[in-house]
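Coordinates in review
In case you want the letters, here they are:
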Amino acid sequence: MVNKHCDDAFADLLGEFSVAYSETEKSPLTKFHVHDAYEITLILSDDVVLDVNNESYSVPRGSLLVFNTMDLHCVKYSGSDKYKRWVVWFKRDFLNVFDHIIYKLFRCFYVRGGEKNNILTLSEQQLECALEKYRQMKEASLSQGYMKEELIKMLLGEFLIFVNGVYLSKND
């Protein structure tokens, strides 16, 4: 089950996909947790710390946090401004249309190597690209347009190709 703070946002598309922008005074969850969905969070604030795999890491603004369904994690925010972030959650089955390439799309979630493998720090150009991809997914999720679900799946697949490209360049 997706955590309580995610339940409302995760209602999109029968609980298989959700994308949201959030601004809060503090981290919504300060205890370790997992989700029954994959999560990619784009951090837009300073003063963020990720606790994962018995380690704590400072997370720079403009970083992606990548979590599979087994990553026990806790994100903490200690800043004085609002904690700003984009989050996308999705279930694997939502992307069954891509079964022939699913391993490649999910590589960043499972083929892990090195330290800080849940954190992908983006360049300014990559950050702008990621922001645009989150906005596109959000716009599509709010639309009532033709083939809405298929459009969201294509945008999410494109986003995962982008994330894996960043991941692979980090780990080369």
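I will try to describe carefully the structure that is included in this document. Remember, predicted model here, so these are calculated numbers, not experimental data. (Residues numbered from 1 in each chain as written. Predicted model: local features only at pLDDT ≥ 70, side-chain atom pairs only at ≥ 80, totals over all residues. Heavy atoms only, no water.)

1. Here we look at the packing of aromatic side chains
Keep this limit in mind: Within 6.5 Å between ring centres, the rings of Phe, Tyr and Trp (the latter by its six-membered ring) count as paired, and their orientation is classed by plane angle as stacked under 30 degrees, edge-to-face over 60, tilted in between. Comment: elements are numbered from the N terminus, with helices defined as DSSP H or I runs of at least four residues and strands as E runs of at least two. For every residue, the accessible area obtained with a 1.4 Å probe (protein chains only) is divided by the maximum for its type, and the residue is called buried under 20%, exposed over 50%, and partly exposed between those limits. Should the NZ of a Lys or the CZ of an Arg lie within 6 Å of a ring centre and within 35 degrees of the ring normal, that charge is described as sitting over the ring.
Across all of its chains, the model carries 13 aromatic pairs by this definition. With a centroid separation of 4.8 Å and 65° between ring planes, the pair formed by Tyr-38 and Phe-109 is classed as edge-to-face. Residue Tyr-38 is found in strand β2 (residues 38-43), and its partner Phe-109 is found in helix α3 (residues 107-110); the two are separated by 71 residues along the sequence. Side by side, Tyr-38 and Phe-109 carry an identical accessibility label, which is buried. With centroids separated by 4.9 Å and ring planes inclined at 65°, the aromatic side chains of Tyr-134 and Phe-159 adopt a geometry described as edge-to-face. One end of the pair, Tyr-134, is in helix α4 (residues 124-142); the other, Phe-159, is in helix α5 (residues 148-170), with 25 residues separating them in the sequence. Taking relative accessible area as the criterion, Phe-159 reaches 0% and is therefore assigned buried. Every member of this aromatic cluster is reached through a ring pair, and the members are Tyr-21, Trp-86, Tyr-134, Phe-159 and Phe-162. Seen from the ring of Phe-94, Lys-153 lies directly overhead, with NZ or CZ sitting 5.2 Å from the centre.

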